[in-house]
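Residue-level structural notes
Here is how the chains run, residue by residue.
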Amino acid sequence: GIQVEQSPPDLILQEGANSTLRCNFSDSVNNLQWFHQNPWGQLINLFYIPSGTKQNGRLSATTVATERYSLLYISSSQTTDSGVYFCAVVRNSGNTPLVFGKGTRLSVIA
Amino acid sequence: DAGVIQSPRHEVTEMGQEVTLRCKPISGHNSLFWYRQTMMRGLELLIYFNNNVPIDDSGMPEDRFSAKMPNASFSTLKIQPSEPRDSAVYFCAVNAGLSGANVLTFGAGSRLTVL
């Protein structure tokens, strides 16, 4: 099956700093999503981004499908950004399951 | 998590007991997924349904696990008998995004501890 690798596995930031999280995948995808799992365990969909660039407030994401990677940018980080960020992909469009990476654990300290 | 309601949120049980986890998804979806999350294995797909029909249950660890979706508004995941290694957070998710796309909305999860 498709492999999803995320880096770095852990990241500690000072509040206000910027960061880039990376997701590499081993095959062509038609679906890529970024999720944030907060410290209470809730998984929230951040972006649906199989290609191109999207922005939502301080967060933005870029997927370069031809080179099989996606980046999640967090600017001016806040303590509420802490948690685990997951990248998930699927090879085919339609109702097939997402395959998740192992995540990047982000800790933002005041 | 207003779109997908899971219950119970927490359950502590003893080895050998039957466990039933419940999921009530929002309307408008046509696929439902059960995932399990552990520290060691991360997020793993257990089973998913399309239009209430089980499509792929290859992720279900053993025959002790079973899942049903009697209608579009309800699904259950049952473990019988439960074992300590089943301790995990179990998530239910549905696709609730663009037409033809699989954009997932997750429930809050059910944290299971088997003693």
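A brief look at the structure comes next. Just so we're clear, the structure is a prediction, and the values are computed from it rather than from any experiment.

**Side note on the sheet that holds strand β7 (residues 59-64) of chain A**
Residue and element names in this part refer to chain A.
- Taken in spatial order, the five strands of this open sheet run β1-β3-β8-β7-β6, and their pairing is antiparallel. Of all the strands in the sheet, the pair left with one neighbour each is β1 (4-7) and β6 (52-56). Each neighbouring strand pair of the sheet contributes to a mean axis angle of 15 degrees, computed without reference to strand direction.
- As judged from the six bridges shared by β7 and strand β8 (residues 69-74), these two strands associate in the antiparallel manner. Each bridged residue has a counterpart across the sheet, and for S60 the counterpart in β8 is Y73.

**Topic: the packing of aromatic side chains**
- In the structure shown here, the tally under the stated rule is nine aromatic pairs over all chains.
- Seen in terms of ring centroids, F86(A) and F100(A) are 6.2 Å apart; in terms of plane orientation they differ by 80 degrees. Their pairing is edge-to-face. Here F100(A) lies in strand β10 (residues 99-100) and F86(A) lies in strand β9 (residues 83-90), a separation of 14 residues in the sequence. Judged on exposure class, the residue F86(A) and its partner F100(A) are both buried.
- On the numbers, 5.9 Å between centres and 90 degrees between planes, the contact of F91(B) with F106(B) is edge-to-face. Here the residue F91(B) occupies a position in strand β9 (residues 88-95), and F106(B) occupies one in strand β10 (residues 104-106), the gap between them amounting to 15 residues.
- Through successive ring pairs, a cluster of aromatic residues spans F35(A), F86(A), F100(A), F33(B), Y35(B), Y48(B), F91(B) and F106(B).
- Here R22(A) stacks its cationic end above the ring of Y69(A), 4.2 Å away from the centre of that ring.

**A short note on unusual backbone geometry**
- Residue P8(A) is bonded to the preceding S7(A) through a cis peptide linkage, with omega at -10 degrees.
- Secondary-structure assignment places P8(A) in the loop between β1 and β2 (10-14).
- With omega at -10 degrees, the peptide bond leading from S7(B) into P8(B) counts as cis.
- Position of P8(B) relative to the elements: it lies in the loop between β1 (4-7) and β2 (10-13).

**Observations regarding the interface of chain A and chain B**
- Between chain A and chain B, the contact holds 17 residues from the first and 22 residues from the second.
- A buried area of about 1,600 Å², summed over both sides, lies between chain A and chain B, and 53% of it is on carbon and sulfur atoms.
- The interface formed by chain A and chain B holds zero salt bridges in total.
- At the surface where chain A touches chain B, the tally comes to four residue pairs in polar contact (both at pLDDT 80 or more).
- Among the elements of the structure, β4 (31-37) and β5 (43-48) of chain A are those that each provide at least two residues to the side of chain A that touches chain B.

**Here we look at the side chain of E44(B)**
Residue and element names in this part refer to chain B.
- Within the secondary structure, E44 is located in strand β5 (residues 42-50).
- At 2.6 Å, the side chain of E44 and the side chain of R41 are in polar contact.
- In this structure, E44 is in contact with W34, Y35 and R36, ignoring residues within four places of it in sequence.

**Digging into the pattern of salt bridges**
Residue and element names in this part refer to chain B.
- Scanning the model with the defined rule gives 10 salt bridges over all chains in all.
- The residue E18 makes a salt bridge to K78 at a minimum N-O spacing of 3.9 Å. Taken together, the positions of E18 in the loop between β2 and β3 (19-25) and K78 in strand β8 (residues 74-79) put the pair 60 residues apart, joining distant regions of the chain.
- On the basis of relative accessibility, which here comes to 42%, the residue E18 falls in the partly exposed class.
- A salt bridge links R85 to E62, with the shortest nitrogen-to-oxygen separation between them at 2.6 Å. Of this pair, R85 sits in the loop between β8 and β9 while E62 sits in the loop between β6 (53-56) and β7 (65-71), placing them 23 residues apart in sequence.
- Of the residues examined, R85 reaches a relative accessible area of 55% and is grouped as exposed.
- A relative accessible area of 26% means that E62 is categorised as partly exposed.
- A network of salt bridges, in which partner residues are shared, links E62, R64, E83, R85 and D86.

Analysis parameters
- Residues numbered from 1 in each chain as written.
- Chains lettered and ligands numbered in written order.
- Predicted model: local features only at pLDDT ≥ 70, side-chain atom pairs only at ≥ 80, totals over all residues.
- Heavy atoms only, no water.
- Pairing = 2+ DSSP bridges.
- Helix = DSSP H or I, 4+ residues; strand = E, 2+ residues; numbered from the N terminus.
- Axes fitted to C-alpha atoms, helices over the stretch in contact; angles between N-to-C directions.
- Phe/Tyr/Trp six-rings, centres within 6.5 Å; stacked < 30°, edge-to-face > 60°.
- Buried < 20%, exposed > 50% of the residue type's maximum accessible area, 1.4 Å probe, protein only.
- Lys NZ or Arg CZ within 6 Å of the ring centre and 35° of its normal.
- Contact = heavy atoms within 4.5 Å.
- Buried area = accessible area lost by both parts, 1.4 Å probe.
- Salt bridge = Lys/Arg side-chain N within 4 Å of Asp/Glu carboxyl O.
- Polar contact = N/O pair within 3.5 Å; in protein donor to acceptor, adjacent residues only side chain to side chain.

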